[in-house]
Amino acid sequence: MKIGIHDLDVATTHFVLKLDSMAEALGVDPGKYHMGLGQDEFSVPAPDEDVVTMAAEAATRLLSRNDASKIRMVLFATETGIDQSKAAGVFVHGLLGLPNAVRTVEFKQACYSGTAALQTAVNHVARYPEDQVLVIASDIARYAVDSGGEPTQGAGAVAMLIAADPSILEIEPDSGVYTADVNDFWRPNDSSTPFVEGKLSLDAYMDATLGAWDDLVARRGIEISDIHRFLHHQPFTKMARKAHAKLAEHLGVELGADLIEESMTYNRRVGNSYTASLYFGLVAQLQGNDDLAGKRLGLFSYGSGSVSEFFTGIVQPGYAEHLHADNVAESLDSRVELSFEEYRERHNAYVGSSDNNETEKVTDAPFRFSGVIDHVRQYEAN
Ligand code: HMG
């Protein structure tokens, strides 16, 4: 039985900052951002947007085309948790009006947990083939101002419906996994921004790429030439190029840049969306010029700390007719541009407390976060 991604959709934020504005304001050569990091702009949330509103937007579009009564689980992957106890997916479940007979859980392991959720969903469907699982990866990458990570910020959500006999991508059994206890990037409970060992994080990412690949080979006996296109987690798109080159060097083969090029189109503009980043790469690859029907994709998912996985999927015949995320370029184009000063003002005005507050009404997305009453987060349809 084939199991995999039957449908998928995305959402991002109301605002955008162009990295040219940041370069000018900070006196940095824009080439450092465009070529050095491979980033052009990043999504910035409005005060009434968060991981729940982005997730609900992506999922509501996806469910408008599918039968929600088949959904048996909602798995919400994020490292931008809004509560230490209640899963963010429960808010989404409520906003979408899903049936009560649903299991809803939050997954966390830095950027990797979207893939953990996806594999859990595949395993559920293997046991209960009539069921479908809604997997949502949603994150806001918010770094300290003037830190190395600031130009790599971003935000976005990808919702995926996992089912038997999928229309888009069959997830193949047997992946390569790799865990190593490393402090490259972490966010303690009392900090709204992460602590980052930048250079260590690049090395940890590349060690994990090779470790997960070697485990995939040991497990499956796969050859690098069996893979048609590679998609890597993209904290900034240059990272995918570095990992791709490292893999080629490790194996002593040529791996052309064309094997990853199309997967980077959206991430250059969204910025790092942590758990969603790999899946924005998947949407971009599927919407590229290449006919991928019957072809194998190799996906590398990395989460600092670190846990990673190299897995593969076969693109299904007719997938292009089932790709409805044709709103991506349009929603990126329609974001409202902030000046650098406006962006910094919003960044500094971030409210992380659960004291009573009412958010400024800004977003025109389908759902908004309206504030906090008696420590309870309030959401409403727009
Ligand atoms: P930095 O100090 O800003 O940059 O830190 P740099 O000085 O190393 O320069 C970056 C690149 O720009 C270099 O290229 C420069 O040569 C080049 P490279 O040597 O790497 O090929 N450059 C230029 N190119 C063209 N024209 C110019 C120019 N000037 C310089 N004028 C760093 C970069 C990545 C460390 C920083 O952005 C950072 O700390 N980012 C956050 C951490 C991160 O993203 N790490 C990636 C791996 S960890 C990961 O992926 C997990 C993560 O997503 C979190 C999670 O799992 O939850 C982050």
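Bear in mind that the values here come from a model prediction, so they are computed numbers and not experimental data. (Residues numbered from 1 in each chain as written. Predicted model: local features only at pLDDT ≥ 70, side-chain atom pairs only at ≥ 80, totals over all residues. Heavy atoms only, no water.)

**Remarks on the packing of aromatic side chains**
Working step 1: Under the counting rule described, the total for this entry stands at 12 aromatic pairs.
Working step 2: With 5.5 Å between their ring centres and 80° between their planes, Phe-42 and Tyr-343 make a pair best called edge-to-face. Taken together, the residues span a long stretch of sequence, with Phe-42 in strand β3 (residues 41–44) and Tyr-343 in helix α11 (residues 340–348) at a distance of 301 residues.
Working step 3: Exposure remark for Tyr-343: the relative accessible area of 1% places this residue in the buried category.
Working step 4: Sitting above the plane of the Tyr-350 ring, Arg-142 keeps its charged end 4.1 Å from the centroid.
Working step 5: The ring centre of Phe-369 lies 4.1 Å from the NZ or CZ of Arg-377, which sits over that ring. (Phe/Tyr/Trp six-rings, centres within 6.5 Å; stacked < 30°, edge-to-face > 60°. Helix = DSSP H or I, 4+ residues; strand = E, 2+ residues; numbered from the N terminus. Buried < 20%, exposed > 50% of the residue type's maximum accessible area, 1.4 Å probe, protein only. Lys NZ or Arg CZ within 6 Å of the ring centre and 35° of its normal.)

**What to know about the nonpolar core**
General note: in soluble globular proteins, nonpolar side chains tend to be found buried as a group.
Working step 1: One finds Ile-162 and Leu-282 to be the most contacted residues of the largest nonpolar core, which totals 46 residues.
Working step 2: In terms of residues, this core owes the most to one element, helix α9 (residues 277–286), which gives seven residues.
Working step 3: Two domains each donate at least three residues to this core, and these are domain 1 (3–170 + 322–381) and domain 2 (173–317).
Working step 4: Setting aside chain neighbours within four positions, we find Ile-162 in contact with Ile-3, Gly-4, Ile-5, Leu-118, Ala-121, Val-122, Val-125, Asp-131, Gln-132, Val-133 and Val-135.
Working step 5: Met-22, Ala-208, Ile-260 and Phe-310 belong to the second largest nonpolar core, which has 40 residues in total. (Core = buried A, V, L, I, M, F, W, Y, C linked by side-chain atoms within 4.5 Å. Domains from an automatic or database assignment. Contact = heavy atoms within 4.5 Å.)

**Considering the site of the ligand**
Working step 1: Taken together, the neighbourhood of the ligand is formed by 27 residues, with Glu-79, Cys-111, Ser-201, Lys-242 and Ser-304 sitting nearest.
Working step 2: Within the contact set of the ligand, an oxygen atom lies 2.9 Å away from a side-chain nitrogen or oxygen of His-233.
Working step 3: Side-chain polar atom of Asn-272 to an oxygen atom of the ligand: 3.1 Å apart, as the coordinates give it.
Working step 4: Elements represented by at least two residues in the shell around the ligand include exactly α2 (30–37), α6 (198–220), α7 (237–251) and β13 (296–303).
Working step 5: Residue contributions to the shell around the ligand peak at four residues, all from α6.
Working step 6: For the shell around the ligand, a count of residues per class yields 11 nonpolar, 11 polar and five charged.
Working step 7: Looking at which domains feed residues into the shell around the ligand, each of domain 1 (3–170 + 322–381) and domain 2 (173–317) supplies at least three. (Near = heavy atom within 4 Å. Polar contact = N/O pair within 3.5 Å; in protein donor to acceptor, adjacent residues only side chain to side chain. Nonpolar A, V, L, I, M, F, W, Y, C, P; charged D, E, K, R; others polar.)

**Re the pattern of salt bridges**
Working step 1: Within the structure shown, the criterion is met by 21 salt bridges.
Working step 2: Among the ionic pairs, Asp-7 bridges to Arg-65, the shortest N-O distance being 2.9 Å. Of this pair, Asp-7 sits in strand β1 (residues 3–11) while Arg-65 sits in the loop between α3 (51–63) and β4 (71–77), and the two are 58 residues apart along the sequence.
Working step 3: Given the relative accessible area of 3%, Asp-7 is considered buried. (Salt bridge = Lys/Arg side-chain N within 4 Å of Asp/Glu carboxyl O.)

**Examining the packing of α3 against helix α4 (residues 88–96)**
Working step 1: Look at α3 against α4: their axes get within 9 Å of each other, and the N-to-C directions meet at 45°. As the angle between them shows, α3 and α4 are arranged oblique. Taken as a pair, α3 and α4 cross one another with a handedness that is right-handed. The residues of α4 that touch α3, namely those facing Val-52, Ala-55, Ala-56, Ala-59, Thr-60 and Leu-63, are Ala-88, Phe-91, Val-92, Leu-95 and Leu-96. (Axes fitted to C-alpha atoms, helices over the stretch in contact; angles between N-to-C directions. Parallel < 35°, antiparallel > 145°, perpendicular 65-115°, else oblique. Left-handed = near helix turned anticlockwise from the far one by under 90°.)

**Section: the pairing of β3**
Working step 1: Going residue by residue along β3, you find Glu-41 and Ser-43 tucked away on one face and Phe-42 and Val-44 tucked away on the opposite face as well.
Working step 2: As paired elements, strand β2 (residues 15–18) and β3 share four bridges and run antiparallel to each other. Counted as the bridge partner of Phe-15 is Val-44 from β3. (Pairing = 2+ DSSP bridges.)

**Looking at the sheet that holds strand β18 (residues 376–381)**
Hydrogen bonds along the backbone pair up the strands of a sheet, which may run parallel or antiparallel.
Working step 1: Strand order in the open sheet formed by three strands is β16-β17-β18, and the pairing between neighbours is antiparallel. Pairing within the sheet leaves two strands with one partner each, and these edge strands are β16 (357–358) and β18.
Working step 2: Summarising the sheet, strand β17 (residues 367–373) and β18 pair through six bridges and their orientation is antiparallel. The residue bridging Val-372 from the neighbouring strand is Arg-377, located in β18.
Working step 3: In the packing of α3 onto the sheet, the strands contacted are β17 and β18, and the crossing angle to β17 comes to about 150°.

In short, geometric facts, not functional conclusions.
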